[in-house]
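Per-entry structural report
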Amino acid sequence: MRYSRITATGSYLPERVMTNAELEVLVDTSDEWIQARTGIRERHIVRDDESTCDMCEQAALRALEAADIDANTIELIVLATSTPDLIYPSTACLLQHRLGIDNNCAAFDVQAACSGFIYAFSIADKFIASGAVKRALVLGADSNSRILDWSDRGTCVLFGDGAGAMLLEAATEPGIYVTRLHANGAYSSLLQVPSGVSKPTGDPFIRMRGNEVFKFAVNAMGSIVNETLEECGLEKNDIDWLIPHQANQRIIKATAKKLDMTMEKVILTVAEHGNTSGGSIPLALDTGIRDGRIKRGDNLFFEAIGSGFTWGSVVAKY
Ligand code: ACO
């Protein structure tokens, strides 16, 4: 039996920080409302000349440096994003070239909005577990500021930009215990960017019925806790860290409660990062590893929900 394990991580946030006070000037909102309803204090925003691939490159270089390996030993790149640089080629292909990888390894993007990293993580794990590859670079990144309507207070206060990268490698003992993926397209109208390539509607911005998304998210994240633990045979108290998608502190608190975890056991970055969609989980993971909270041998519970709706979870030993 082959397994995969996390060997190194890296992340990148754009230099520019936008505070809630700055948003008070743009729309009818307040720092108090944003913090009370979401937990967000500030977010990072890409420069005009900075792209999703640029952020991924920095995150990947940091992961490669942490692992101290040559980029050309990577055998697979899976990159979760909803804000690719181009329609095609994929951002994963652009990144492969940027990193100087010339071994013709497979590289592709995954689109599952805020659940994208969980999808990418699961796909890479399956490639490794099947024996197809031994080392994968898995990324999640989004330039959400490019698809925000800065006059819509219901969305523009929520999102930020950022990227995270993770190296997943073949191992002889379980690193990833279980991955669960779900989708239900019946909910597509509750959270979407209405204008597409084959169906241009003229509205290229995130549109969300926030309260309905919120209710679905709390229920879905609650039920995924039970089904995930049941499948991998772990108990709630076996989990050392919850590393959730960082959309809203209230959704995260509800999931932590379902796991009987105190907020001290949750890697929380939503206050400083906002919702970075595909980037949020790998950014939180890298934060927890680099500040020393997450240690080798810890059991990690990852979960996310996003447009689709898509949702999923991963339980892994670090
Ligand atoms: N500032 C001040 N008031 C606001 C703001 C704002 N930025 N935004 C909305 N309001 C107002 C509303 O207009 C409404 O006013 P009304 O009562 O006069 O009509 C009031 O606040 C309450 O609005 P709700 O939408 O009911 O507020 P809620 O408590 O649900 O919080 C929020 C809104 C923060 C968006 C929440 O619903 C949420 O986090 N939803 C889930 C987001 C999420 O998880 N997304 C999933 C992933 S994203 C992805 O996949 C790309």
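Structure first, text after, so check above.
I will try to describe carefully the structure that is included in this document. From a predicted model like this one, the values you see are computed outputs, not experimental measurements.

Examining the overall build of the protein chain
Regarding its fold elements, the protein chain presents 10 helices and 13 strands. For a compact globule of 318 residues, the expected C-alpha radius of gyration is about 20 Å, and the protein chain comes in at 18 Å, within 12% of that figure. Taken along the three principal axes of its C-alpha coordinates, the protein chain extends 55 × 45 × 40 Å. Long-range pairs, those at least 24 residues apart, make up 75% of the contacts in the protein chain with a sequence separation of at least 6. For the protein chain, the exposed surface amounts to about 13500 Å²; the carbon and sulfur share of it is 49%. Averaging the locations of the 30 positively and 41 negatively charged side chains of the protein chain gives two centres separated by 4 Å.

Some words on the sheet that holds strand 13 (residues 310-317)
The four strands lie next to each other as 8-13-12-11, forming an open sheet whose pairing is mixed. Each of the sheet's edge strands pairs with one partner strand only, and the pair in question is strand 8 (176-183) and strand 11 (241-244). Pairwise comparison of adjacent strand axes, ignoring direction, gives a mean angle of 10° for this sheet. Pairing of strand 8 with strand 13 involves seven bridges; the strand directions are antiparallel. If you follow Ala183 over to strand 13, its bridge partner there is Thr310.

Comments concerning the state of the cysteines
Under the defined criterion, the tally for this structure stands at zero disulfides. Left without a disulfide partner, Cys53 is nearest to the cysteine sulfur of Cys56, which lies 6.2 Å away. Among the residues examined, Cys53 registers a relative accessible area of 0% and is labelled buried. Using a relative accessible area of 0% as the deciding quantity, one classes Cys56 as buried.

As for the packing of aromatic side chains
Scanning the model with the defined rule gives seven aromatic pairs in all. Taking 5.4 Å as the distance between ring centres and 70° as the angle between the ring planes, the aromatic pair formed by Phe121 and Phe302 counts as edge-to-face. You can see Phe121 sitting in helix 5 (residues 116-129) and its partner Phe302 sitting in strand 12 (residues 299-306), a full 181 residues away along the chain. Residue Phe121 shares its accessibility class with Phe302, and that shared class is buried. Feature note: the residues Tyr187, Phe216, Phe309 and Trp311 constitute an aromatic cluster, connected by ring pairs. Lys265 extends its terminal NZ or CZ atom over the ring of Trp241, reaching a point 4.7 Å from the ring centre. Over the ring of Tyr318 we find Arg296; its NZ or CZ atom is 3.7 Å from the centre of that ring.

Looking at the pattern of salt bridges
Taken as a whole, this structure holds 18 salt bridges when the rule is applied. Two residues, Arg16 and Glu22, come together in a salt bridge whose shortest N-O distance is 2.9 Å. Given a relative accessible area of 29%, Glu22 falls into the partly exposed group. Between Arg135 and Glu169 there is a salt bridge; the shortest N-O distance is 3.0 Å. Residue Arg135 is found in strand 6 (residues 135-143), and its partner Glu169 is found in strand 7 (residues 161-171); the two are separated by 34 residues along the sequence. Each member of the pair, Arg135 as well as Glu169, is classed as buried. Each of the salt bridges in this network shares a partner with another, and the network as a whole consists of Asp149, Asp152, Asp203 and Arg207.

About the cut-offs
Residues numbered from 1 in each chain as written. Predicted model: local features only at pLDDT ≥ 70, side-chain atom pairs only at ≥ 80, totals over all residues. Heavy atoms only, no water. Helix = DSSP H or I, 4+ residues; strand = E, 2+ residues; numbered from the N terminus. Rg over C-alpha atoms; globule rule 2.2 N^0.38 Å. Contact = heavy atoms within 4.5 Å. Areas by Shrake-Rupley, 256 points an atom, 1.4 Å probe, with all protein chains shown as cover. Lys, Arg positive; Asp, Glu negative; His and termini not counted. Charge placed at Lys NZ, Arg CZ, Asp CG, Glu CD. Pairing = 2+ DSSP bridges. Axes fitted to C-alpha atoms, helices over the stretch in contact; angles between N-to-C directions. Disulfide = S-S within 2.5 Å. Buried < 20%, exposed > 50% of the residue type's maximum accessible area, 1.4 Å probe, protein only. Phe/Tyr/Trp six-rings, centres within 6.5 Å; stacked < 30°, edge-to-face > 60°. Lys NZ or Arg CZ within 6 Å of the ring centre and 35° of its normal. Salt bridge = Lys/Arg side-chain N within 4 Å of Asp/Glu carboxyl O.

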